Amino acid sequence: MKSYIKIVMVVASVYLIGVILLIIVTGNLTSGNNGTKGEVSALNDIARTAESNQSDLSVLDEYNYGFDYVIVDMTQNILYTNSAGDLTQEKITVETAIQNRYPYIYLKSGDKIWGCLIELDDGLSSVRRIRKRFIIGISLAGLVIILAMAGFGLYINQNVIAPFRNMKDFAGKVAQGNLDEPLAMDRGNMFGAFSESFDIMREELAQSRRRELELQKKERELVASLSHDLKTPVTGIKLTAELMQMRLSVKKEQDPEISYLEQEKQKEIAISSEEMDILSADAEGIRQKAEQIDALVSDLFASTLDDLGEFKVTVNDEDSSVITSLVESYDNRKLVTTEEVPKVVLSIDKNRMGQVIGNIISNSYKYADTKIDISYRLSEGYLEMEIKDYGPGVPSEELDLITNKFYRGKNWQDTDKDGNGLGLYIAKTLMQKMNGDLVAESDGYGLSVTLIIPLS
């Protein structure tokens, strides 16, 4: 807006200068009539002087009226003239004065006309001078306006057209994917802020691309990690199944050298207690490996649903005792010690709440392998459920990161712990979708995860 006001002021100034020049150059426009009136008055003065000095017209030499004139008698003889030109070539008479539109006055002595005073000019010389000055003034004013238009054109080119051309080239580079070259800006032109907004957009697009590439890298790492994590329990399941088949086949086969009676007796022998324990352990191994696969696939599926915006949560009123049931169902190793839950009504999705608690307890099993204490306290409109283990904890600089998607800690590759960096991310996402939250804290003596559960 300031630039626009400056432009208007410059144009107005140029226009004013042009008007002033026109006024100065054509200043005699109205003085022409005054000049004509002055010439008529001068003719009258000359006529009176000539009439008073008929016998000696040389008296007129003492006066300078600024124009040429001649006095002739009635026979057209020149009695007096102040013209320096040669008048012999042209016969000056009243008739020629009338033809040439020369002003003239008859000279009298009493009632008798004795001569005629003729001005050697048609009276339009002042008009010609005015016309000439007017043309010069118009030309100068036009030249000033043309120069002003040229300057304005250069200003428009530098401050409007050039910035738009730069933005056009910039848009082409952005369309081609070149987001590293900034847009050249000049805050002095009227589009400076507009150009700055375009460059901010470029920076945001560049950051978005970097985030996308980083996310793609993490997703590839996740696929590789999941492939490895899934392969391990699957291999264990295969080996366990093969061992069980081998034991059963050995039990089923009979030694041909044994007598018929002994073979019949072996058929009646049941599986021993020791063999039952071995088979039970094998079955437990299969179950645990299957649970690992199920947890990995569930986390990956939940993460995919969240990316697609289909991570649905249905909140209902639930008695707080449901929390105790959920903790017991996920405490497979019986490491959890819990306080009594305050008797309140919670606003939660029971299944999603179970998923949250299960992910946290599973993390404690994996990384802490210690007892787990659960305590409760009521806060304004919320039930705060603190789940604390006594493992190595999490460094303070990583506390804000462990709930990020795919984050597994800086030193996860140096450990033998399987994981995909989705457990706490999914737990926090679900709590927020239930209008609650998840807060992680670590004091160097384990990790404390507080679930902020909304009351009904």
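So, a few notes on the structure that sits alongside this text. Predicted model, so just to flag it, every value in this text is computed and none were measured.

### A look at the sheet that holds strand β6 (residues 336-338)
- With mixed pairing, the five strands of this open sheet are ordered in space as β6-β8-β9-β11-β10. What marks the edges here is a single partner per strand, and that holds for β6 and β10 (437-442). Across this sheet, the average inter-strand angle for adjacent strands is 20°, counted without regard to direction.
- The pairing of strand β9 (residues 382-388) with strand β11 (residues 447-454) spans seven bridges and is antiparallel. When the sheet's bridge partners are listed, Tyr 382 is paired in β11 with Pro 454.

### What to know about the side chain of Asp 389
- For Asp 389, the position within the fold is in the loop between β9 and α10 (423-433).
- A polar contact of 3.4 Å, which involves the side chain of Asp 389, links it to the backbone nitrogen of Gly 391.
- When residues no more than four places from it in sequence are discounted, the contact partners of Asp 389 are Ser 364, Ala 368, Thr 370, Lys 371, Ile 372, Tyr 445, Gly 446 and Leu 447.

### Description of the nonpolar core
- Membership of the largest hydrophobic core comes to 38 residues, with the highest contact counts inside it found for Ile 323, Met 353, Ile 357, Met 385, Leu 451 and Ile 453.
- Mapped by element, the contributors of at least two residues to this core are α8 (321-330), β7 (345-348), α9 (350-367), β8 (372-379), β9, α10, β10 and β11.
- In contact with Ile 357, other than residues within four places in its own chain, are Ile 323, Leu 326, Val 327, Met 385 and Leu 451.
- The next biggest cluster of nonpolar side chains, apart from the first, holds 14 residues, and it includes Ala 47, Ala 50, Leu 60 and Tyr 80.

### Comments concerning the pairing of strand β2 (residues 78-81)
- Relative to β2, strand β1 (residues 69-73) runs antiparallel, the two being bridged by three bridges. When the sheet's bridge partners are listed, Val 72 is paired in β2 with Ile 78.
- Taken together, β1 and the strand that follows it, β2, pair antiparallel across an intervening segment of four residues, in which Gln 76 is found at a positive phi of about 70°.

What counts, and at which threshold
Residues numbered from 1 in each chain as written. Predicted model: local features only at pLDDT ≥ 70, side-chain atom pairs only at ≥ 80, totals over all residues. Heavy atoms only, no water. Pairing = 2+ DSSP bridges. Helix = DSSP H or I, 4+ residues; strand = E, 2+ residues; numbered from the N terminus. Axes fitted to C-alpha atoms, helices over the stretch in contact; angles between N-to-C directions. Polar contact = N/O pair within 3.5 Å; in protein donor to acceptor, adjacent residues only side chain to side chain. Contact = heavy atoms within 4.5 Å. Core = buried A, V, L, I, M, F, W, Y, C linked by side-chain atoms within 4.5 Å. Buried < 20%, exposed > 50% of the residue type's maximum accessible area, 1.4 Å probe, protein only.

Shape is all these values report; function is a separate question.
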